[in-house]
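Read off the chains here:
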Amino acid sequence: MSKKTSLGRGLDALLARPAGEAAAMVGTPTSGAQTLDITRIVQAAYQPRQVFEPESLAELAQSIREKGVLQPLLVRPRGEAFEIVAGERRWRASQLAGLTELPVIIRDLGDREALEIAIVENLQREDLGPLEEARAYQTLLDQGLNQEGVARAVGKGRSTVSNALRLLTLNEAALRALDSGKISAGHARAILAQPDGDRAWALEQITARGLSVREAEALRRGARPAGSDSQPIKVNPPRTYRQLELDLSRRTGTRVRITGEDRGRVELAYASREELDRLLGLLGFEAEE
(Lines give C-alpha, C1' and ligand atoms only; values in the text may rest on other atoms or scores of the structure.)
Protein backbone atom coordinates (compact mmCIF):
# COMPACT_ATOMS: atom_id res chain seq x y z
CA MET A 1 0.00 0.00 0.00
CA SER A 2 1.35 3.40 -0.89
CA LYS A 3 1.98 6.06 1.74
CA LYS A 4 -0.71 8.29 0.23
CA THR A 5 -3.47 5.72 0.57
CA SER A 6 -2.31 4.86 4.08
CA LEU A 7 -3.22 8.37 5.17
CA GLY A 8 -6.98 8.03 4.79
CA ARG A 9 -8.29 10.77 2.50
CA GLY A 10 -4.84 11.95 1.43
CA LEU A 11 -4.11 15.10 -0.55
CA ASP A 12 -6.07 14.02 -3.63
CA ALA A 13 -9.27 13.62 -1.63
CA LEU A 14 -8.70 16.76 0.38
CA LEU A 15 -8.28 18.73 -2.83
CA ALA A 16 -11.24 17.11 -4.57
CA ARG A 17 -13.67 19.91 -3.75
CA PRO A 18 -15.65 22.14 -6.10
CA ALA A 19 -13.95 25.36 -7.16
CA GLY A 20 -15.16 28.28 -5.06
CA GLU A 21 -14.95 32.02 -5.22
CA ALA A 22 -11.20 31.93 -5.82
CA ALA A 23 -11.80 31.25 -9.52
CA ALA A 24 -13.58 34.55 -9.95
CA MET A 25 -10.94 36.34 -7.91
CA VAL A 26 -8.00 35.25 -10.05
CA GLY A 27 -9.82 34.78 -13.35
CA THR A 28 -8.66 31.18 -13.97
CA PRO A 29 -9.94 27.72 -13.02
CA THR A 30 -8.71 26.77 -9.57
CA SER A 31 -8.13 23.14 -10.56
CA GLY A 32 -5.36 23.91 -13.07
CA ALA A 33 -1.82 25.14 -12.54
CA GLN A 34 -0.80 28.66 -13.42
CA THR A 35 2.23 30.87 -12.90
CA LEU A 36 2.57 33.54 -10.21
CA ASP A 37 5.24 36.13 -9.54
CA ILE A 38 7.19 34.81 -6.56
CA THR A 39 6.78 38.15 -4.77
CA ARG A 40 3.00 37.57 -4.60
CA ILE A 41 3.46 34.29 -2.71
CA VAL A 42 3.68 34.55 1.08
CA GLN A 43 4.54 32.14 3.86
CA ALA A 44 1.71 30.22 5.48
CA ALA A 45 0.16 31.67 8.61
CA TYR A 46 0.53 28.19 10.09
CA GLN A 47 3.22 25.77 8.94
CA PRO A 48 3.45 22.42 10.77
CA ARG A 49 7.07 22.01 9.78
CA GLN A 50 9.34 24.38 11.70
CA VAL A 51 12.79 23.05 10.76
CA PHE A 52 14.14 23.42 7.22
CA GLU A 53 17.67 22.04 6.97
CA PRO A 54 19.94 24.48 5.07
CA GLU A 55 21.85 21.66 3.35
CA SER A 56 18.64 20.04 2.13
CA LEU A 57 17.31 23.39 0.86
CA ALA A 58 20.58 24.03 -0.98
CA GLU A 59 20.36 20.63 -2.69
CA LEU A 60 16.77 21.28 -3.73
CA ALA A 61 17.71 24.76 -4.99
CA GLN A 62 20.39 23.23 -7.20
CA SER A 63 17.89 20.69 -8.55
CA ILE A 64 15.45 23.52 -9.29
CA ARG A 65 18.14 25.45 -11.17
CA GLU A 66 18.72 22.42 -13.36
CA LYS A 67 15.18 21.05 -13.82
CA GLY A 68 12.78 23.71 -12.56
CA VAL A 69 9.92 23.24 -10.09
CA LEU A 70 8.30 19.95 -11.06
CA GLN A 71 5.31 20.11 -8.71
CA PRO A 72 3.14 23.25 -8.37
CA LEU A 73 2.65 24.86 -4.98
CA LEU A 74 -0.85 24.88 -3.50
CA VAL A 75 -1.86 28.40 -2.45
CA ARG A 76 -4.98 30.25 -1.33
CA PRO A 77 -5.94 33.90 -1.92
CA ARG A 78 -5.04 36.36 0.84
CA GLY A 79 -5.92 39.89 -0.30
CA GLU A 80 -3.55 40.80 -3.13
CA ALA A 81 -1.19 37.94 -2.18
CA PHE A 82 -1.43 34.15 -2.14
CA GLU A 83 -0.62 32.16 0.99
CA ILE A 84 1.19 28.84 0.75
CA VAL A 85 -0.85 25.83 1.83
CA ALA A 86 1.56 23.14 0.60
CA GLY A 87 5.03 23.59 -0.86
CA GLU A 88 6.86 26.00 1.43
CA ARG A 89 10.11 24.06 1.05
CA ARG A 90 9.91 24.43 -2.75
CA TRP A 91 9.17 28.16 -2.30
CA ARG A 92 12.20 28.65 -0.05
CA ALA A 93 14.48 26.67 -2.36
CA SER A 94 13.18 28.56 -5.42
CA GLN A 95 14.14 31.83 -3.76
CA LEU A 96 17.65 30.47 -3.23
CA ALA A 97 17.71 29.40 -6.88
CA GLY A 98 16.82 32.92 -8.00
CA LEU A 99 13.45 32.12 -9.62
CA THR A 100 11.04 34.98 -10.21
CA GLU A 101 7.92 32.92 -11.02
CA LEU A 102 6.48 29.69 -9.67
CA PRO A 103 3.78 27.25 -10.84
CA VAL A 104 0.85 27.19 -8.44
CA ILE A 105 -2.62 25.75 -7.99
CA ILE A 106 -5.00 28.25 -6.40
CA ARG A 107 -7.75 26.98 -4.13
CA ASP A 108 -10.22 28.85 -1.96
CA LEU A 109 -9.66 27.07 1.34
CA GLY A 110 -10.74 27.79 4.91
CA ASP A 111 -8.27 27.77 7.77
CA ARG A 112 -9.08 24.24 8.88
CA GLU A 113 -8.92 22.80 5.35
CA ALA A 114 -5.60 24.52 4.73
CA LEU A 115 -4.20 23.19 7.97
CA GLU A 116 -5.37 19.63 7.27
CA ILE A 117 -3.72 19.67 3.84
CA ALA A 118 -0.47 21.11 5.22
CA ILE A 119 -0.31 18.43 7.90
CA VAL A 120 -1.12 15.57 5.52
CA GLU A 121 1.47 16.73 2.99
CA ASN A 122 4.18 16.79 5.64
CA LEU A 123 3.11 13.44 7.09
CA GLN A 124 3.21 11.86 3.64
CA ARG A 125 6.76 13.15 3.17
CA GLU A 126 7.70 12.15 6.75
CA ASP A 127 8.93 15.72 7.20
CA LEU A 128 7.52 16.38 10.67
CA GLY A 129 9.39 15.79 13.90
CA PRO A 130 7.41 14.28 16.82
CA LEU A 131 6.73 17.64 18.47
CA GLU A 132 5.87 19.32 15.16
CA GLU A 133 3.34 16.55 14.57
CA ALA A 134 1.91 16.88 18.09
CA ARG A 135 1.64 20.67 17.80
CA ALA A 136 -0.09 20.31 14.45
CA TYR A 137 -2.70 18.00 15.99
CA GLN A 138 -3.15 20.44 18.87
CA THR A 139 -3.79 23.25 16.39
CA LEU A 140 -6.55 21.18 14.78
CA LEU A 141 -8.03 20.63 18.24
CA ASP A 142 -7.93 24.39 18.73
CA GLN A 143 -9.87 24.71 15.46
CA GLY A 144 -12.75 22.82 17.06
CA LEU A 145 -12.08 19.17 16.19
CA ASN A 146 -11.95 16.45 18.83
CA GLN A 147 -9.28 13.73 18.78
CA GLU A 148 -11.47 11.44 16.69
CA GLY A 149 -12.01 14.25 14.18
CA VAL A 150 -8.28 14.97 14.02
CA ALA A 151 -7.56 11.28 13.41
CA ARG A 152 -10.07 11.17 10.54
CA ALA A 153 -8.77 14.42 9.05
CA VAL A 154 -5.17 13.22 8.80
CA GLY A 155 -5.84 9.53 8.24
CA LYS A 156 -4.25 8.34 11.48
CA GLY A 157 -5.54 6.13 14.28
CA ARG A 158 -6.98 7.89 17.30
CA SER A 159 -4.40 6.25 19.57
CA THR A 160 -1.62 7.62 17.34
CA VAL A 161 -3.02 11.13 17.72
CA SER A 162 -3.54 10.69 21.46
CA ASN A 163 -0.01 9.39 22.00
CA ALA A 164 1.44 12.25 19.97
CA LEU A 165 -0.51 14.82 21.98
CA ARG A 166 0.80 13.34 25.24
CA LEU A 167 4.27 14.51 24.26
CA LEU A 168 3.10 18.08 24.81
CA THR A 169 2.72 17.31 28.53
CA LEU A 170 6.48 16.88 28.95
CA ASN A 171 8.25 19.42 31.11
CA GLU A 172 10.19 22.21 29.42
CA ALA A 173 13.57 20.50 29.73
CA ALA A 174 12.27 17.31 28.11
CA LEU A 175 10.51 19.30 25.36
CA ARG A 176 13.79 21.06 24.53
CA ALA A 177 15.65 17.75 24.52
CA LEU A 178 13.09 16.20 22.17
CA ASP A 179 12.99 19.25 19.92
CA SER A 180 16.79 19.29 19.62
CA GLY A 181 17.06 15.56 18.99
CA LYS A 182 18.86 14.75 22.25
CA ILE A 183 16.12 12.24 23.01
CA SER A 184 13.73 10.40 20.71
CA ALA A 185 9.95 10.10 20.89
CA GLY A 186 10.48 6.65 22.40
CA HIS A 187 12.59 8.15 25.18
CA ALA A 188 9.93 10.82 25.71
CA ARG A 189 7.20 8.21 26.10
CA ALA A 190 9.40 6.34 28.61
CA ILE A 191 9.73 9.58 30.60
CA LEU A 192 5.95 10.05 30.56
CA ALA A 193 5.54 6.52 31.91
CA GLN A 194 7.41 7.61 35.05
CA PRO A 195 5.62 9.09 38.09
CA ASP A 196 5.42 12.87 37.78
CA GLY A 197 8.09 13.42 40.42
CA ASP A 198 10.58 11.13 38.66
CA ARG A 199 10.39 12.56 35.14
CA ALA A 200 13.18 15.12 35.54
CA TRP A 201 15.35 12.40 37.06
CA ALA A 202 14.56 10.03 34.18
CA LEU A 203 15.53 12.68 31.61
CA GLU A 204 18.83 13.25 33.40
CA GLN A 205 19.55 9.51 33.45
CA ILE A 206 18.73 9.08 29.76
CA THR A 207 20.87 12.00 28.56
CA ALA A 208 23.78 11.52 30.98
CA ARG A 209 24.09 7.77 30.43
CA GLY A 210 23.07 7.66 26.76
CA LEU A 211 20.37 5.07 27.46
CA SER A 212 18.55 3.26 24.68
CA VAL A 213 14.75 3.41 24.56
CA ARG A 214 14.51 -0.09 26.04
CA GLU A 215 16.85 0.89 28.87
CA ALA A 216 14.85 4.07 29.45
CA GLU A 217 11.63 2.03 29.67
CA ALA A 218 13.22 -0.12 32.39
CA LEU A 219 14.24 2.87 34.54
CA ARG A 220 12.85 2.74 38.08
CA ARG A 221 13.73 4.99 40.97
CA GLY A 222 14.16 3.04 44.19
CA ALA A 223 12.24 5.08 46.75
CA ARG A 224 11.35 8.61 47.76
CA PRO A 225 14.29 10.79 48.85
CA ALA A 226 15.27 10.74 52.52
CA GLY A 227 13.44 13.35 54.57
CA SER A 228 10.15 13.02 52.73
CA ASP A 229 7.16 13.54 55.00
CA SER A 230 5.35 10.54 53.56
CA GLN A 231 6.30 6.91 53.97
CA PRO A 232 8.65 5.47 51.34
CA ILE A 233 6.77 3.97 48.44
CA LYS A 234 7.89 0.73 46.93
CA VAL A 235 8.19 1.39 43.19
CA ASN A 236 10.12 -1.69 42.16
CA PRO A 237 7.55 -4.48 41.72
CA PRO A 238 8.71 -8.02 41.05
CA ARG A 239 10.60 -8.45 37.78
CA THR A 240 7.67 -10.25 36.13
CA TYR A 241 5.35 -7.36 36.87
CA ARG A 242 7.83 -4.74 35.74
CA GLN A 243 7.95 -6.32 32.30
CA LEU A 244 4.18 -6.68 32.34
CA GLU A 245 3.86 -2.96 33.09
CA LEU A 246 6.01 -2.14 30.04
CA ASP A 247 4.05 -4.52 27.83
CA LEU A 248 0.71 -3.09 28.96
CA SER A 249 1.99 0.48 28.58
CA ARG A 250 2.95 -0.21 24.96
CA ARG A 251 -0.37 -1.95 24.32
CA THR A 252 -2.56 0.77 25.85
CA GLY A 253 -0.47 3.84 25.00
CA THR A 254 -0.51 5.09 28.59
CA ARG A 255 1.33 4.60 31.89
CA VAL A 256 0.42 1.35 33.67
CA ARG A 257 1.27 0.65 37.33
CA ILE A 258 0.93 -2.71 39.07
CA THR A 259 1.10 -2.72 42.87
CA GLY A 260 1.06 -5.70 45.19
CA GLU A 261 2.12 -9.27 44.58
CA ASP A 262 -0.43 -12.02 45.22
CA ARG A 263 -3.05 -9.31 45.69
CA GLY A 264 -2.96 -5.73 44.44
CA ARG A 265 -4.27 -3.46 41.72
CA VAL A 266 -3.59 -2.35 38.16
CA GLU A 267 -3.67 1.40 37.46
CA LEU A 268 -4.03 2.98 34.00
CA ALA A 269 -3.28 6.70 33.79
CA TYR A 270 -5.35 9.09 31.67
CA ALA A 271 -5.18 12.86 31.19
CA SER A 272 -8.58 13.63 29.65
CA ARG A 273 -12.12 12.30 29.25
CA GLU A 274 -11.32 11.39 25.65
CA GLU A 275 -8.32 9.33 26.72
CA LEU A 276 -10.46 7.60 29.37
CA ASP A 277 -13.03 6.76 26.67
CA ARG A 278 -10.23 5.36 24.52
CA LEU A 279 -8.99 3.12 27.36
CA LEU A 280 -12.53 1.95 28.13
CA GLY A 281 -12.91 1.07 24.46
CA LEU A 282 -9.74 -1.04 24.62
CA LEU A 283 -11.30 -2.88 27.57
CA GLY A 284 -14.48 -3.51 25.57
CA PHE A 285 -16.62 -1.10 27.60
CA GLU A 286 -18.58 1.76 26.07
CA ALA A 287 -19.44 4.54 28.54
CA GLU A 288 -23.00 5.86 28.47
CA GLU A 289 -23.46 9.58 27.73
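Residues numbered from 1 in each chain as written. Predicted model: local features only at pLDDT ≥ 70, side-chain atom pairs only at ≥ 80, totals over all residues. Heavy atoms only, no water.

Naming follows an unreviewed UniProt entry, where the protein appears as Chromosome 1-partitioning protein ParB of Deinococcus aerophilus. Listed in UniProt under the heading Sequence similarities (unreviewed entry), the comment for the protein reads: "Belongs to the ParB family." (UniProt positions renumbered as here; feature names shortened; annotations may be inferred.)

Re the overall build of the protein
A count of helical and extended segments in the protein gives 15 helices and 7 strands. Counting the 289 residues in the protein, one finds 41% classified as buried. Taking as baseline every contact in the protein between residues at least 6 positions apart, the subset at least 24 positions apart corresponds to 63%. Accessible surface, the protein as shown: approximately 16,200 Å² in total, 49% of it carbon and sulfur. (Helix = DSSP H or I, 4+ residues; strand = E, 2+ residues; numbered from the N terminus. Buried < 20%, exposed > 50% of the residue type's maximum accessible area, 1.4 Å probe, protein only. Contact = heavy atoms within 4.5 Å. Areas by Shrake-Rupley, 256 points an atom, 1.4 Å probe, with all protein chains shown as cover.)

Concerning the environment of Val266
Positionally, Val266 belongs in strand β7 (residues 264-268). Of the residues examined, Val266 reaches a relative accessible area of 51% and is grouped as exposed. In this structure the C-alpha to C-alpha distance between Val266 and Glu245, which are 21 residues apart in sequence, comes to 9.0 Å. What Val266 contacts, discounting residues up to four positions off in sequence, is Val256, Arg257 and Ile258.

Thoughts on the pattern of salt bridges
Throughout the structure, instances matching the rule amount to 8 salt bridges. A salt bridge links Asp111 to Arg78; its shortest N-O distance comes to 3.3 Å. In this pair, Asp111 sits in helix α6 (residues 111-124) while Arg78 sits in strand β3 (residues 73-78), placing the two residues 33 residues apart along the sequence. Of the charged contacts in the structure, one is a salt bridge between Arg265 and Glu267, with a shortest N-O distance of 2.6 Å. Using a relative accessible area of 52% as the deciding quantity, one classes Arg265 as exposed. Judged by its relative accessible area of 31%, Glu267 is partly exposed. Where salt bridges share partners, they join Arg76, Arg78, Glu83 and Asp111 into one cluster. (Salt bridge = Lys/Arg side-chain N within 4 Å of Asp/Glu carboxyl O.)

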